[in-house]
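Descriptive structure summary
So the chains spell out like this:
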Amino acid sequence: MKSGLVEGHTATIMTEVSPSMHAQFEGSVVHPVYSTVSMVYHMEWASRKIILPFLEEDEEGMGAKVSVEHMAPAGTGASLEIKAAVIKYEKNIIVTEVIVRDFKNDRIIGRGEVKQVVLPKEKIRERIERI
């Protein structure tokens, strides 16, 4: 990894809750609110944005662990801010704390941690080929 990544480094994404983000299984909507699945996706994306500028050309990041607490619902049209902050960086392991906030109503929707591992692309390719 390139130098410069430190604990405290942040990345933020904004999104608006759409029907495609509703809690659903096999196309059947259970609740017309922001799903935990969508929250995990956004947490991983915000965390990935942190490492992208620091990856060498021959490196790639992989998700290793996600923990999430979905604390409150967010309805269709809610503006969400997903902010990831590095809380641990050792060798090739980056752990971020992520907060999902309803931007307009200033309330926390969820929080969690994402662990990423940076590996050489060749090593990742070899692992994939073995499966």
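What comes next concerns the included structure. (Residues numbered from 1 in each chain as written. Predicted model: local features only at pLDDT ≥ 70, side-chain atom pairs only at ≥ 80, totals over all residues. Heavy atoms only, no water.)

In the structure shown here, the tally under the stated rule is six salt bridges. The salt bridge partner of glutamate 81 is arginine 101, with a shortest N-O separation of 3.0 Å. You can see glutamate 81 sitting in strand E5 (residues 79-90) and its partner arginine 101 sitting in strand E6 (residues 93-102), a full 20 residues away along the chain. The pair formed by glutamate 81 and arginine 101 is uniform in burial state, with each residue classed as buried. Among the ionic contacts, a cluster of salt bridges with common partners joins Glu81, Arg101 and Asp106. (Salt bridge = Lys/Arg side-chain N within 4 Å of Asp/Glu carboxyl O. Helix = DSSP H or I, 4+ residues; strand = E, 2+ residues; numbered from the N terminus. Buried < 20%, exposed > 50% of the residue type's maximum accessible area, 1.4 Å probe, protein only.)

Of all hydrophobic cores here, the largest spans 26 residues; its most connected members are Tyr34, Leu80, Val100 and Ile109. Of all the secondary structure elements, the ones that give two or more residues to this core are strand E1 (10-16), helix H1 (36-51), E5, E6 and strand E7 (107-120). Not counting residues within four places of it along the chain, the set of residues in contact with leucine 80 comprises Ile13, Met14, Thr15, Val17, Tyr34, Ala74, Val100, Arg101, Asp102, Phe103 and Ile109. (Core = buried A, V, L, I, M, F, W, Y, C linked by side-chain atoms within 4.5 Å. Contact = heavy atoms within 4.5 Å.)

Time to look at H1. Given 3.6 residues to a turn, an α-helix orients residues that are three or four positions apart in the same direction. A rise of 1.5 Å per residue sets the reference length of H1, with its 16 residues, at 22 Å; its end C-alpha atoms lie 23 Å apart and thus fit the reference within 8%. Among the residues of H1, those classed as buried are Ser38, Met39, His42, Met43, Ala46, Ser47, Ile50 and Ile51. In this structure, the buried residues of H1 make contact with E1, strand E3 (28-34), strand E4 (59-70), E5, E6 and E7. (Expected span 1.5 Å × (residues − 1).)

With antiparallel pairing, the five strands of this open sheet are ordered in space as E1-E5-E6-E7-E4. Two strands bound the open sheet, and with one partner strand each, they are E1 and E4. Taking the axes of each pair of neighbouring strands and ignoring which way they run, one obtains an average angle of 25° across the sheet. The sheet contact formed by E5 and E6 spans ten bridges and is antiparallel. Bridge pairing links leucine 80 to aspartate 102 in E6. Packed onto the sheet, H1 meets E1, E4, E5, E6 and E7 and runs at close to 140° relative to E4. Most of the contacts of helix H2 (residues 121-130) go to E7, to which it runs at about 95°, and overall it touches E4 and E7. (Pairing = 2+ DSSP bridges. Axes fitted to C-alpha atoms, helices over the stretch in contact; angles between N-to-C directions.)

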